[in-house]
Amino acid sequence: MTPPISTITAVFFDFDGVLCTDRFYSTLEQEYPLELDWIGNHIFSGEKYCDEWMRGELNWHDINKIICDATAMPPGLLDELFLTSVRRMTVNPILIQYAEALKQKGIKIALATSNMDIFNEITVPEKHLDNTFPVIVNSYDYKLMKHDENGRLFDIALRRLGLHSYEGVLLIDDTLTYGNIFKEKGGEFYHYTGQTAFEEWAKILIS
C-alpha cells in the first residue's frame, strides 16, 4: 500500500530496469549476433565480470578487452559500437516528470544505482540526470553494490540528502532483494514492474 504523501520525505529511484530499460552493446545485434550472445552469456550472466565492473574493480576498457580477446572483435570497432549503444539509451520521460513533480512538493529525491563507470562518463552528463537528481549514488564510485554490507550504498545516499532516518523514505526499484533490504532499514518500497502499473500507482502519491 502506498504511504500517504504527507509521510514521504524522500524518494530513491533506481536506474536500470526503472528509469531506463535499454541495454549495453545493443548496436551489435544486427551484424554481430554471436558476439552479442557471448557478451550476454559471459559478461552479464554468472555475474562475475558484471559485478566486478559495478564494484569498480574493472572499467569499460577492461570489459571490452575481455570481449575482444574471446571473440576476436577489433578493439576499436567494439569500443565505437559500445559507446554508441550507451549514447542511444533512453531515459523514461514519465519517470523524470514524476521526479520533478515530487521536487515541486518539497520531497527530496536521489538516484541510487548499481552501475558502471560509463554511467558517470556518458549517461549522467548526456541525459542531464544531474539536473533532475541532486544526489546520484553509483556503486562504481563506492565499490559497493546495493546489497553489499547490508545496503550501505543506501546509507550513503541518505546522508547525502541530509537525512538520518529511513522513516518516510521510499525506494522505487525493480529488484525485490534491494526492496527487502530497504524495508529492513525502516523505509518504504515500491516494486517497479512496468510503466502502466507505475502510472496508476504514481497518481496516488502526487495527486
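The structure this text deals with has already been given above.
Below, the structure is looked at part by part. All figures in this text were calculated on a predicted structure; none of them were measured in a lab.

1. Here's the deal with the layout of surface pockets
- Looking at the largest pocket, its volume works out to about 710 Å³.
- Every residue lining the largest pocket is counted, 31 residues in all, and those nearest its centre are D16, F44, C50, M54 and M116.
- Split by residue class, the lining of the largest pocket holds 13 nonpolar, 8 polar and 10 charged.

2. Comments concerning the side chain of T132
- Structurally, T132 can be placed in helix α7 (residues 129-132).
- The contacts of T132, once residues within four sequence positions are left out, are I96, A99, E100, K103 and I109.

3. Side note on the packing of helix α4 (residues 75-88) against helix α6 (residues 117-126)
- Close contact between α4 and α6 brings their axes to 9 Å; oriented N to C, the two are set at 40°. Between α4 and α6, the interaxial angle falls into the category oblique. Crossing handedness for the pair α4 and α6: right-handed. Residues F82, L83, V86 and R87 of α4 lie in contact with α6, whose contacting residues are I118, I122, T123 and E126.
- Here the contact of α4 with α6 is built from residues that sort into 5 nonpolar, 1 polar and 2 charged.

So, how was this worked out
- Residues numbered from 1 in each chain as written.
- Predicted model: local features only at pLDDT ≥ 70, side-chain atom pairs only at ≥ 80, totals over all residues.
- Heavy atoms only, no water.
- 1 Å grid on protein atoms, 1.4 Å probe; cavity = no way out; pocket = protein on both sides within 12 Å on 5 of 7 lines; lining within 4 Å.
- Points joined across faces, edges and corners; volume = space filled by probe spheres on them.
- Nonpolar A, V, L, I, M, F, W, Y, C, P; charged D, E, K, R; others polar.
- Helix = DSSP H or I, 4+ residues; strand = E, 2+ residues; numbered from the N terminus.
- Contact = heavy atoms within 4.5 Å.
- Axes fitted to C-alpha atoms, helices over the stretch in contact; angles between N-to-C directions.
- Parallel < 35°, antiparallel > 145°, perpendicular 65-115°, else oblique.
- Left-handed = near helix turned anticlockwise from the far one by under 90°.

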